[in-house]
Amino acid sequence: MREKILYAKIKIKQHYKIVGFLVSFAAILLCMFSNWDIRYYGDSLGYYQMATEFINQGLGNFRFDLAEGGMKTLFELRGYAWPFLIAVLRVLGLTQKTGWLIWESAFMCFGLSWAVPEFFETLFRKKGGIISRIILPAFTLIFWKGAIIYPLSDIPAITFVTLGILILLKAFGHNGIRKTAEIFAGGVCLGLSYYIRTGSMVSIFCAVLILLIYNKTRPVKRLMAVVIFAAGIMLTMIPQVVINVECNETFSYQVPISFTTGITDLEYYNGVRYLRWESNFSETHPDTVLLSEDSLAGTLLEQQNLIPEEIGPKELLVSILKYPVEFLGIFTSKFANMIDARWGELYIQELKGIRYGIIILNFTIWFLGIAGIIFELGRARNGISKKK
């Protein structure tokens with residue numbers, strides 16, 4: 001009996017990636033089915049409706065003929081990638097709710113229990129274990145369940161960013177056609193991440209730096225790698241260009257909200273002034289958007305006579321250089337509020353008492369996680385220095 005138990009432990013340790021995926025998938029699927037009757041709101045509803053239109057129009061057809069208002073408005077604002085992926089998952093699930101939830105669970109599990117842990121194992125050159133594969137899905141289910149049960153873009157964006165950079169890091173260990181294909185695939189993943197969340201654009205610039213600095217080849221080959229990477233990104237632009245021409249009559253690769261509204265400037269302003277921006281669907285408060293204002297940020301903006309229509313990257317950078325200490329406090333406070341899981345829901349269903357125990361535990365795990373990453377980065381740097 002002991003031998004069988006020992007044998008089972010050895011096998012689990014050897015195949016910790018598969019075991020971690022299966023355990024995480026089971027937990028996420030159970031969570032999905034236990035929230036069977038959940039209603040989609042706001043962005044999650046918009047993504048799901050766009051996915052329905054992709055299915056109705058036929059997957060692969062981006063030349064939509066949509067009437068003014070309603071559905072066309074969604075395509076005039078949002079990127080195509082996440083709604084299109086939702087449509088693919090729903091088709092794989094035979095457009096039935098059960099099938100959709102199974103495939104959505106598998107995708108979320110792929111991101112949380114494979115892509116992200118694999119990225120860190122590759123980055124730190126350190127083999128993990130089954131705990132490293134299940135801790136992120138468990139953390140998300142406990143504190144950020146809404147990011148899983150609603151079809152929102154947070155986890156998909158993280159998945160494609162980490163997957164894209166992971167593929168690039170692995171490409172450096174290969175040669176020839178395989179290396180070329182992996183660099184191209186990395187470009188596709190990071191291109192898709194931009195069309196899921198525009199903030200992922202930063203990761204594209206980081207990837208270019210990785211290709212130029214950490215790619216230990218001749219300068220000409222480094223430039224060729226950037227060109228191949230860019231080709232992968234350009235492939236992901238095609239559907240958005242077609243949609244923009246059809247729905248906005250504009251030839252552009254950008255996510256349409258960037259040029260169809262003034263929301264970009266408003267986001268810079270709100271990003272500084274407000275600590276929290278929450279969607280409320282409870283019946284105990286009349287407002288559907290709950291804002292928590294930073295009084296210091298409001299004072300700084302007013303002192304400089306900055307209004308939403310006039311603040312952009314340049315103005316924001318000037319303000320940061322003028323008041324570095326104050327903005328360090330503003331962004332630290334904003335980060336703390338961003339990771340604060342006080343309600344346990346991304347869409348507030350009930351304005352109940354703040355769960356201080358959950359808040360403390362959540363912050364403790366974040367602190368330990370960030371400290372662990374810093375420690376591993378320092379150890380990796382010391383290892384490289386010793387080799388030199």
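Above: the structure in question.
Residues numbered from 1 in each chain as written. Predicted model: local features only at pLDDT ≥ 70, side-chain atom pairs only at ≥ 80, totals over all residues. Heavy atoms only, no water.

Caption draft 1: Just the overall build of the protein chain, in detail. Secondary structure assignment for the protein chain yields 18 helices and three strands. Taking 388 residues into account, the globule formula puts the C-alpha radius of gyration at 21 Å, and the protein chain, at 23 Å, falls close to it. Reported as C-alpha extents along the three principal axes, the dimensions of the protein chain are approximately 65 × 55 × 55 Å. For the protein chain, buried positions account for 40% of its 388 residues. Counting every atom, the protein chain has about 21,600 Å² of accessible surface; 66% of that belongs to carbon and sulfur. For the protein chain, the separation between the mean place of its 38 positive charges and that of its 30 negative charges on side chains is 19 Å. (Helix = DSSP H or I, 4+ residues; strand = E, 2+ residues; numbered from the N terminus. Rg over C-alpha atoms; globule rule 2.2 N^0.38 Å. Buried < 20%, exposed > 50% of the residue type's maximum accessible area, 1.4 Å probe, protein only. Areas by Shrake-Rupley, 256 points an atom, 1.4 Å probe, with all protein chains shown as cover. Lys, Arg positive; Asp, Glu negative; His and termini not counted. Charge placed at Lys NZ, Arg CZ, Asp CG, Glu CD.)

Caption draft 2: The arrangement of a nonpolar patch on the surface in detail. A cluster of nonpolar side chains, namely F33, W36, L92, I102 and W103, defines an oily patch on the protein surface of about 420 Å² accessible area. Considering the arrangement of structural elements, one finds W36 in the loop between α2 (16-34) and α3 (42-57). (Patch = residues over 30% accessible without salt bridge, like charges linked within 9 Å, V, L, I, M, F, W, Y side chains within 5 Å. Salt bridge = Lys/Arg side-chain N within 4 Å of Asp/Glu carboxyl O.)

Caption draft 3: Looking closely at the packing of aromatic side chains. What the rule picks out here adds up to 25 aromatic pairs. Each ring, one from F110 and one from W114, has its centre 5.5 Å from the other, and the planes form 10 degrees; the classification is stacked. Remark: W114 and F110 occur in helix α6 (residues 97-124); sequence separation between them is four residues, near one turn of the helix. Judged by relative accessible area, F110 falls into the partly exposed class, the value being 28%. Their ring planes at 85 degrees and their centres at 6.1 Å tell us that F335 and W366 sit as a pair that is edge-to-face. (Phe/Tyr/Trp six-rings, centres within 6.5 Å; stacked < 30°, edge-to-face > 60°.)

Caption draft 4: Looking closely at the environment of S153. Its location among the elements puts S153 in the loop between α8 (146-149) and α9 (154-171). You can call S153 buried: its relative accessible area is 4%. For the pair S153 and S44, spaced 109 residues apart in sequence, the C-alpha to C-alpha distance is 8.2 Å. Within the local environment of S153, its side chain forms a polar contact with the side chain of R197, the two groups lying 3.4 Å apart. (Polar contact = N/O pair within 3.5 Å; in protein donor to acceptor, adjacent residues only side chain to side chain.)

Caption draft 5: How the structure looks around the nonpolar core. Counting residues in hydrophobic clusters, the biggest one holds 65 residues, and the most contacted among them are F54, F75, W82, I183, L190 and F229. Of all the elements, α9 adds the most residues to this core, at 10 residues. With residues near it in sequence (within four places) discarded, F54 still touches L59, F62, F64, F75, Y80, P83, F84, A87 and I243. Ranked by size, the runner-up nonpolar core spans 11 residues in total, among them A297, L306, L316 and Y323. (Core = buried A, V, L, I, M, F, W, Y, C linked by side-chain atoms within 4.5 Å. Contact = heavy atoms within 4.5 Å.)

Caption draft 6: The sheet that holds strand β2 (residues 289-293), seen in detail. Spatial ordering of the open sheet is given by β2-β1-β3, a layout of three strands whose pairing is mixed. Across the chains shown, the open sheet's two edge strands, defined by having one partner strand only, are β2 and β3 (347-348). Across two bridges, strand β1 (residues 274-280) lies against β3 in parallel orientation. Directly across from N280, in β3, lies its bridge partner I348. (Pairing = 2+ DSSP bridges.)

Caption draft 7: Spatial organisation of the packing of helix α10 (residues 176-196) against helix α11 (residues 201-213). Orientation of α10 relative to α11, taken along the N-to-C sense of each, is 160 degrees, at an axis distance of 8 Å. When the axis of α10 is compared with that of α11, the two are roughly antiparallel. Remark: the crossing between α10 and α11 carries left-handed chirality. Residues I183, L190, S193 and Y194 of α10 lie in contact with α11, whose contacting residues are M201, S203, I204, A207 and L211. The residue inventory of the contact of α10 with α11, partitioned by class, reads seven nonpolar, two polar and no charged. (Axes fitted to C-alpha atoms, helices over the stretch in contact; angles between N-to-C directions. Parallel < 35°, antiparallel > 145°, perpendicular 65-115°, else oblique. Left-handed = near helix turned anticlockwise from the far one by under 90°. Nonpolar A, V, L, I, M, F, W, Y, C, P; charged D, E, K, R; others polar.)

Caption draft 8: Unusual backbone geometry, seen in detail. Residues other than glycine seldom take positive phi values, yet L94 does so here, at roughly 60 degrees. Looking at the secondary structure, you find L94 in the loop between α5 (81-92) and α6. Notably, R125 is not glycine yet its phi reads approximately 55 degrees, a positive angle. Within the fold, R125 resides in the loop between α6 and α7 (130-143). Assessed through its relative accessible area of 68%, R125 is described here as exposed.

Caption draft 9: Representation of α5. Compared with an ideal rise of 1.5 Å per residue, which puts 12 residues at 16 Å, α5 spans 17 Å between its outermost C-alpha atoms and is within 8% of the ideal. Buried residues in α5 make contact with α3, α6, α9 and α10. (Expected span 1.5 Å × (residues − 1).)

Caption draft 10: Focus on the side chain of T236. Looking at where T236 falls in the secondary structure, it is placed in helix α12 (residues 219-248). Classification of T236 as buried rests on a relative accessible area of 4%. Each residue touching T236, except ones within four places of it in the same chain, is listed here: Y80, V188, G191, L192 and Y195.

Caption draft 11: The arrangement of the pattern of salt bridges in detail. Enumeration over the complete set of coordinates arrives at 13 salt bridges. Notably, a salt bridge pairs K126 with E376, separated by 3.0 Å at the nearest N-O pair. Remark: E376 occurs in helix α18 (residues 356-387) and K126 occurs in the loop between α6 and α7; sequence separation between them is 250 residues. Its salt-bridge partner being R276, residue E278 comes within 2.6 Å of it at the nearest N-O pair. Neither residue differs from the other here; E278 and R276 are each classed as buried. Here the salt bridges do not stand alone but share partners, grouping K17, E118, E121, R133 and K170 into one network.

All we've got here are geometric facts, nothing functional implied.
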